[in-house]
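Below, each chain spelled out in residue letters.
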Amino acid sequence: MEPEEKMSSDATRWWTEGVLYQIYPRSYVDSNGDGIGDLRGIISKLDYLAWLGVTGVWLNPTMESPNTDWGYDVSDYTSVHPELGTMEDLEELIDRAGERGIHILLDFVPNHTSDQHEWFMDSRSAKDSAHRDWYVWADPKPDGSPPNNWRSVFGGSAWEYDDPTNQYYLHNFLDTQADLNWWNEDVRNAMEDVLRFWFDRGVAGFRIDVAHAVVKDRELRDNLPATPEDDPRIQRLGQQHTFNMDQPEVHDIIRKWRKLADSYDQPRILLGETFLLDLARVAAYYGTGDELNMAFNFPFVFSSFEAKQLKEVVELTESLLPPLAWPVWTGSNHDVLRFPTRWCDGESDKTRLALVVLMTLRGTPVLYYGDEIGMTDTKIPREELRDPVGQRFWPEDRGRDSCRTPMHWSAEDGAGFSPPGVEPWLRYGDYGACNVEDQKDKSSSMLSLCRELIALRLESDDLRRAGYESVESPENTWVFRRGSTTVALNFSDEAARADESGTVLLSTDPARSRGSVGELSLAPWEGVILAQG
Ligand code: GLC
Ligand code: CA
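Presented here is an overview of the structure given in this document. The model shown is predicted, which means the values in this text are computed figures rather than measured ones.

## Overview of the overall build of the protein
Argument step 1. Within the protein, the secondary structure is distributed over 18 helices and 21 strands.
Argument step 2. Relative to the 2.2 N^0.38 estimate, which gives 24 Å for 533 residues, the radius of gyration of the protein is 23 Å and therefore close to what a compact globule would have.
Argument step 3. Structurally, the protein occupies a C-alpha span of about 75 × 50 × 50 Å along its principal axes.
Argument step 4. When each of the 533 residues of the protein is scored for burial, the buried share is 60%.

Printed below as a string of structure tokens:
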């Protein structure tokens with residue numbers, strides 16, 4: 001098959017042309033009243049997801065874990081966390097979703113395991129243990145200090161001294177998340193078996209946690225210090241990730257995963273968490289069509305919500321991605337907080353505009369549960385924090401709990417998440433003010449807009465497939481074309497004129513009529529989709 005054909009064949013359409021939806025399983029629906037969302041809860045909402053029009057769902061970690069980092073510390077890669085359900089529940093979820101044309105993606109965490117994983121428990125037991133070399137161990141410096149200057153993303157040294165064998169082990173995140181040694185062939189094989197295990201059970205793909213960072217410099221050289229030109233995140237860390245992330249050899253590993261994924265009749269997809277702030281580096285993870293199917297675009301996520309900057313990031317992405325590479329756009333996730341708060345200050349006209357951006361660019365949108373109703377972040381008091389990041393860095397960094405609170409299904413006690421009277425694992429946001437039930441049949445609601453946008457995208461060849469082209473437009477507006485469809489966006493409190501005409505297909509303003517316009521005038525924060533001619 002020609003690559004072009006491959007990109008638009010039925011097997012790839014669900015992820016190139018559809019819309020993906022991220023679910024934080026602990027917070028979606030609690031089916032058994034223990035205050036924790038679960039797989040059976042998700043099954044009960046498949047009709048909702050089909051109604052909304054999503055074609056793929058990515059679940060945050062579903063595997064057994066002591067939950068020191070809420071599932072990102074996996075203790076058994078081929079299991080289901082008992083709090084979330086059973087293997088049968090997961091299989092049923094995959095089947096029932098499949099009946100509705102919804103594909104299930106799981107979260108793959110290859111960089112590190114829990115310190116409670118049996119591999120690590122064996123590894124730390126003795127220098128000559130079978131799994132010793134599966135993790136990154138190194139001797140102390142002569143003065144007893146850590147082997148090098150690497151810092152953990154979650155604070156402090158990335159090395160933890162381990163008494164039984166008088167060496168340090170590496171952890172780029174928490175000390176309960178020991179980094180695997182990806183130079184070791186057995187590690188590579190064991191993790192490929194994990195991928196196979198799930199692919200064989202019908203999992204349609206994986207979101208890959210810190211995909212760019214699994215391989216570390218073999219010589220464990222010191223990272224270089226941060227410079228004033230570096231991103232504030234790097235400056236806060238005090239050093240660049242010179243040798244502990246984004247190493248050249250990681251691409252070999254990703255190519256092997258891709259080969260495995262492509263060996264299935266229905267190709268499975270790899271969606272990488274390429275947490276890199278330089279778009280050229282992100283683009284490299286598409287390889288020559290032989291690495292990630294999609295690489296998350298964090299420069300877009302961290303852009304300010306301004307026409308000029310968003311347009312620049314999109315243009316740069318379009319210019320740097322290799323031919324046929326498929327972009328992916330997201331505004332919220334379980335780490336970066338919710339865009340209705342981050343970008344839009346909780347204002348609904350801005351949130352409506354942001355949804356238009358996400359749904360009309362060339363590439364796949366990934367919505368985070370609640371984005372469709374404009375759910376905002378919820379302030380969590382210090383004593384209720386569950387996220388180790390917030391617990392450690394309060395008050396400078398309040399962590400990620402505020403975007404992980406239970407989904408708002410209805411205004412009744414318990415938000416339709418848990419039965420009334422049950423205390424949820426993380427407190428509720430203001431579900432009286434914003435919930436699915438109230439928005440569902442209201443044509444002017446955020447949910448209706450989101451659903452309309454998804455439907456329009458699925459119907460429109462232009463929105464699904466055509467290239468992206470910027471069009472010149474007044475300050476604080478952003479106008480682009482996708483084939484013969486025009487998207488015009490006003491990022492300001494002032495009305496704006498765009499030199500565009502056509503038939504209105506959709507507007508963020510429910511009052512705008514759908515007829516043809518000669519010269520488009522945009523209301524403050526309005527977004528309009530026009531068919532030309
Ligand atoms: C990724 C996850 C984040 C987790 C970290 C360590 O960035 O998205 O939630 O804490 O990896 O696994
Ligand atoms: Ca439950």
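Still to come is the rest of the account.
## Structural notes on helix α12 (residues 307–320)
Argument step 1. When the terminal C-alpha atoms of α12 are compared, their 20 Å separation across 14 residues agrees well with the 20 Å that a helix rising 1.5 Å per residue should span.
Argument step 2. Every buried residue of α12 is accounted for by A307, L310, V313, V314 and T317. One side of α12 carries all its buried residues, which in axial view fall inside an arc of 145°. Those residues of α12 that are exposed and aimed more than 90 degrees away from the buried face are K308 and S319.
Argument step 3. The secondary structure elements touched by the buried residues of α12 are α10 (279–283), α11 (298–301), β12 (328–330), β14 (468–471) and β15 (477–482).

## Focus on the environment of R481
Argument step 1. In this fold, R481 is placed in strand β15.
Argument step 2. It is 9.8 Å that separates the C-alpha atoms of R481 and A531, two residues lying 50 residues apart in sequence.
Argument step 3. In contact with R481, not counting residues within four places along its chain, are G467, Y468, E469, V471, T486, E500 and Q532.
Argument step 4. For R481, the side chain forms a polar contact with the side chain of T486, separated by 3.0 Å.

## Let's talk about the site of ligand 1
Argument step 1. Close to ligand 1 lie 13 residues; D69, D209, E273, H334 and D335 are nearest.
Argument step 2. In this structure, H112 approaches ligand 1 through a side-chain N or O atom, which is 2.9 Å from an oxygen atom.
Argument step 3. At 2.4 Å from an oxygen atom of ligand 1 is found a side-chain nitrogen or oxygen belonging to D335.
Argument step 4. Out of a free accessible area of 310 Å², ligand 1 has 96% covered by protein chains.
Argument step 5. Each residue belonging to the shell around ligand 1 can be placed in one class, and the counts come to 3 nonpolar, 3 polar and 7 charged.

## Examining the coordination of the calcium ion (ligand 2)
Argument step 1. Those donors, D30 (OD), N32 (OD1), D34 (OD), I36 (O) and D38 (OD), are the protein atoms that reach the calcium ion (ligand 2), and they lie 2.2 to 2.4 Å from it.
Argument step 2. Sequence spacing of the donor residues for the calcium ion (ligand 2), all on one chain, is D-x1-N-x1-D-x1-I-x1-D.

## Quick look at the packing of helix α14 (residues 348–360) against helix α17 (residues 446–459)
Two packed helices can be described by the angle between their axes and the distance between those axes.
Argument step 1. Following both chains from N to C, one finds α14 and α17 inclined at 15°, their axes separated by 10 Å at the closest point. As far as their axial angle goes, α17 and α14 are roughly parallel. Judged by the sense of rotation from one axis to the other, the crossing of α14 with α17 is right-handed. Along its contact with α14, which presents S348, T351, R352, L355, V356 and M359, the element α17 presents M446, L449, C450, L453, I454 and R457.

Here is what the cut-offs are and how they apply
- Residues numbered from 1 in each chain as written.
- Chains lettered and ligands numbered in written order.
- Predicted model: local features only at pLDDT ≥ 70, side-chain atom pairs only at ≥ 80, totals over all residues.
- Heavy atoms only, no water.
- Helix = DSSP H or I, 4+ residues; strand = E, 2+ residues; numbered from the N terminus.
- Rg over C-alpha atoms; globule rule 2.2 N^0.38 Å.
- Buried < 20%, exposed > 50% of the residue type's maximum accessible area, 1.4 Å probe, protein only.
- Expected span 1.5 Å × (residues − 1).
- Arc of directions from axis to C-beta.
- Contact = heavy atoms within 4.5 Å.
- Polar contact = N/O pair within 3.5 Å; in protein donor to acceptor, adjacent residues only side chain to side chain.
- Near = heavy atom within 4 Å.
- Areas by Shrake-Rupley, 256 points an atom, 1.4 Å probe, with all protein chains shown as cover.
- Nonpolar A, V, L, I, M, F, W, Y, C, P; charged D, E, K, R; others polar.
- Donors = N, O, S within 2.8 Å, 3.2 Å for Na, K, Ca; no water.
- Axes fitted to C-alpha atoms, helices over the stretch in contact; angles between N-to-C directions.
- Parallel < 35°, antiparallel > 145°, perpendicular 65-115°, else oblique.
- Left-handed = near helix turned anticlockwise from the far one by under 90°.

Geometric values such as these leave the question of function open.
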